[in-house]
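Coordinates in review
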Amino acid sequence: MLDYTKGEYKERSGLKVNPAKTCQPVGAMYAALGIHRCLPHSHGSQGCCSYHRMHLTRHYRDPIVASTSSFTEGACVFGGKSNLKNGLLNVFNIYNPDVVAINTTCLSETIGDDIGEIVRSTNVPEGKTVIYANTPSYQGSHVTGFSNMCKAMVTHLAENTEEKKSDTVTIFPGYVEPSDMMEMKRMADLMGIKYTMYPDTSKVVATPNTGKYEMYPEGGAKIEDIKESGNSMASIALGKFSSEAAAYELEKKCEVEPFIMKEPIGIKATDEFVMKMLELNGGTMSKDLEYERGQLVDIMVDVHNHYHGKKVAIFGDPDIITAMTEFVIDLGMIPTLVLTGTPGKAFEKEIQKMFDEAGLADSKVMASEDLFSFHQLIKENPVDLIIGNTYGKHIARAEDIPLVRVGWPILDRIGHGYFPIVGYKGALRIIEKISNALLDHYDRTCSDEDFELVQ
Ligand code: SF4
């Protein structure tokens, strides 16, 4: 497996091998699915749309709907205006969504189609809404596309209509799983905090089989709630890369104060999320949450010998792996390598600060890098565990290192859409996964004399 990957890491400037990211529109498509009765629309050739739908379907094992402007060569030369105008009318006639959220591909971006002008010159049916975001795939990654679509929701929908702000908090959950969004809402409910969350893909991409196909499932943020978010008392943006832009847009447009925080993955980041919610809302800590936190601490102590001092290499999307790095340090593990394909000096700075504070002088952080480099660096400095998405499985097999699947996409296991990794409950699950992965590997490779019944 991966026999041609040699152990000596060399910087490359013009070649990417096994990227640790994908392109903007798929992130925008995922964000758009978090609006109730919304049909994502891809303005470009249909190949992008089918690829992005397929990837989301493989990850969620649920149908993912989206339409496309289906560019042909003519549109590439003369622009995609008539494709989009006709496409929108067809989409409303045939599929009857309440909202269409348009993203662009590298093709329409290179041509320079003016999406705003095209939408304004289209007779959108009464009571229907069209929003749009520019998502050039040659900038950033799928996380940038997610962020751009979240920002567009604010730009096109949020309104500041009341003199006095309400007691509702707007939560931008970031590029996380529907199970994570559900867990954040459960935590807010337990604390009695009023909130609006968008996008919200829970009950959209992890739906039950009822025997009847619902093109627009019951989940997703309601348009009226997104509008009303302009009147909220504050916003909490979870994950700088995926949520910050929307929160700043809400501040600019509707004077809603933003608080940019880490994804609540691990004990420290969850504590910060809970404390911020309580501080904003003046509520009291829920007894149930306190109990869950105590259970987490108990397990951390009970099984710390499974993971303490173990070396781990982490890759994936910046917001997830920033919080994950903090958590593994709290567990006493040693993150020797943290890598994302998404560009961003802010990411490198934040992780480096964590390394410095933990005295991890030999650990490495890299943004805008690929899995070929990740593999080479692991060969140079072997680790006990890899944390990342499905694309890490080849390296895990080649080097015989256990892999804990976290992030997007996970194409070869289930659970991510149904069980959270955020909050105290999520942290418990991460520990279970890490501990099991290390012990399964140990049981498989240890000598007979060391094969223990009780661990
Ligand atoms: S890189 Fe461009 S052509 Fe390829 S899928 Fe993304 S938007 Fe489409």
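Residues numbered from 1 in each chain as written. Predicted model: local features only at pLDDT ≥ 70, side-chain atom pairs only at ≥ 80, totals over all residues. Heavy atoms only, no water.

**Section: the overall build of the chain**
Threshold: Secondary structure is summarised from DSSP: a helix means a run of H or I of at least four residues, a strand means a run of E of at least two, and numbering begins at the N terminus for each. Taken over C-alpha atoms, the radius of gyration is set against a globule rule of 2.2 Å times the number of residues to the power 0.38. Classification of residues uses two cut-offs on accessible area relative to the type maximum, computed with a 1.4 Å probe and protein chains only: under 20% is buried, over 50% is exposed, and between them is partly exposed. By definition in these notes, contact holds between two residues if any of their heavy atoms fall within 4.5 Å. For the area figures, the Shrake-Rupley method with a 1.4 Å probe applies, and any residue is considered shielded solely by the protein chains shown. Note on charges: Lys and Arg go in the positive column, Asp and Glu in the negative column, and His and the chain ends are not counted at all. For this purpose, a charge sits on NZ of Lys, CZ of Arg, CG of Asp or CD of Glu.
Counting its secondary structure elements, the chain contains 18 helices and 13 strands. For the chain, the C-alpha radius of gyration of 22 Å lies close to 23 Å, the compact-globule estimate for 455 residues. By its C-alpha atoms, the chain is 75 × 55 × 45 Å across when sized along the principal axes. Looking at the chain as a whole, 55% of its 455 residues qualify as buried. Long-range pairs, those at least 24 residues apart, make up 74% of the contacts in the chain between residues at least 6 apart in sequence. Per element, the accessible surface of the chain, about 20,000 Å² overall, is 51% carbon and sulfur. The chain carries 46 positive and 62 negative side-chain charges, and their two centres are separated by 4 Å.

**So, the packing of aromatic side chains**
Which entries qualify depends on this criterion: Only rings of Phe, Tyr and Trp enter the pairing, Trp through its six-membered ring, and a pair is recorded when the two centres are within 6.5 Å. The plane angle decides the type: under 30 degrees is stacked, over 60 is edge-to-face, the rest tilted.
Considering all chains together, one arrives at seven aromatic pairs under this definition. Through pairs of rings, three or more aromatic residues link up here, namely Tyr 30, Tyr 60, Phe 146, Tyr 175 and Trp 408.

**Comments concerning the side chain of Thr 22**
The cut-off we apply is this: Pairs of N or O atoms are called polar contacts if they sit within 3.5 Å, as long as, within protein, a hydrogen donor faces a hydrogen acceptor (for residues adjacent in sequence, only side-chain-to-side-chain pairs).
By the element assignment, Thr 22 lies in the segment before α1 (24-32). Within the local environment of Thr 22, its side chain forms a polar contact with the side chain of Tyr 51, the two groups lying 3.4 Å apart. When sequence neighbours within four positions are dropped, the list of residues in contact with Thr 22 reads Tyr 51, Ser 141, His 142 and Trp 408.

**Notes on the nonpolar core**
Going by this rule: Working definition of a nonpolar core: buried Ala, Val, Leu, Ile, Met, Phe, Trp, Tyr and Cys residues. They are joined through side-chain atoms within 4.5 Å. In this document the domain limits rely on a domain assignment from an automatic tool or a database.
Formed by 115 residues in total, the largest nonpolar core has its most connected members in Met 149, Ile 387 and Ile 434. Here this core gets eight residues from one element, more than from any other, and that element is helix α7 (residues 142-157). Shared between two domains, this core holds at least three residues of each, these being domain 1 (20-179 + 189-260) and domain 2 (290-444). Apart from the residues within four sequence positions on either side, Met 149 is in contact with Ala 28, Ala 31, Ala 32, Ala 101, Ile 102, Asn 103, Ile 131 and Ala 133. Counting residues in hydrophobic clusters, the runner-up holds 17 residues, among them Met 366, Leu 371, Ile 378 and Ile 401.

**Digging into a negative patch on the surface**
As a reminder, the rule being used: Residues form patches when they are more than 30% accessible in relative terms and have no salt bridge. Like charges link within 9 Å. Nonpolar side chains (Val, Leu, Ile, Met, Phe, Trp, Tyr) link within 5 Å. Think of a salt bridge as a Lys or Arg side-chain nitrogen and an Asp or Glu carboxyl oxygen that are within 4 Å of each other.
The grouping of Glu 162, Glu 224, Asp 225 and Glu 228 at the surface amounts to a negative patch. Judged by relative accessible area, Glu 224 falls into the exposed class, the value being 52%.

**A closer look at unusual backbone geometry**
Between Tyr 198 and the following residue, Pro 199, the backbone shows a cis peptide bond with an omega angle of -5°. Here Pro 199 is to be found in the loop between β6 (195-197) and α9 (223-228). In this structure, the amide linkage connecting Trp 408 to the following residue, Pro 409, adopts the cis form with an omega of 0°. In this fold, Pro 409 is placed in the loop between β13 (403-405) and α18 (423-445). Located in the positive-phi region is Ser 70, a residue other than glycine, with phi close to 45°. Examined against the element boundaries, Ser 70 turns out to sit in the loop between β2 (67-68) and α3 (73-78). A relative accessible area of 32% means that Ser 70 is categorised as partly exposed. Positioned with a positive phi, Asn 96 is a non-glycine residue whose angle comes to about 50°. When its relative accessible area of 39% is taken as the criterion, Asn 96 is described as partly exposed.

**A short note on the UniProt feature "domain: Nitrogenase/oxidoreductase component" (unreviewed entry) in the chain**
We count it as follows: UniProt positions are given in the numbering used here, feature names are shortened, and annotations may be inferred rather than shown by experiment.
With numbering matched to this structure, UniProt assigns "domain: Nitrogenase/oxidoreductase component" (unreviewed entry) to residues 23-438. Secondary structure over residues 23-438 splits into 49% helix and 14% strand, and the C-alpha atoms at its two ends are 33 Å apart.

**A closer look at the packing of α1 against α7**
We count it as follows: Note on geometry: axes are C-alpha line fits, over the in-contact stretch for helices, and angles between N-to-C directions span 0 to 180 degrees. Relative orientations are named as follows: roughly parallel for angles under 35 degrees, roughly antiparallel for angles over 145 degrees, roughly perpendicular for angles from 65 to 115 degrees, and oblique for any other angle. We call a crossing left-handed when the near helix sits turned anticlockwise from the far one by less than a right angle, and right-handed when that turn is clockwise.
Running from amino to carboxyl end, α1 crosses α7 at an angle of 45°, the nearest separation of the two axes being 6 Å. With respect to α7, the element α1 is oriented oblique. Considering how the two elements wind past one another, α1 and α7 form a crossing that is right-handed. Across the interface between the two elements, Gln 24, Val 26, Gly 27, Ala 28, Tyr 30, Ala 31 and Ala 32 of α1 pack against His 142, Thr 144, Gly 145, Phe 146, Asn 148, Met 149, Cys 150 and Met 153 of α7.

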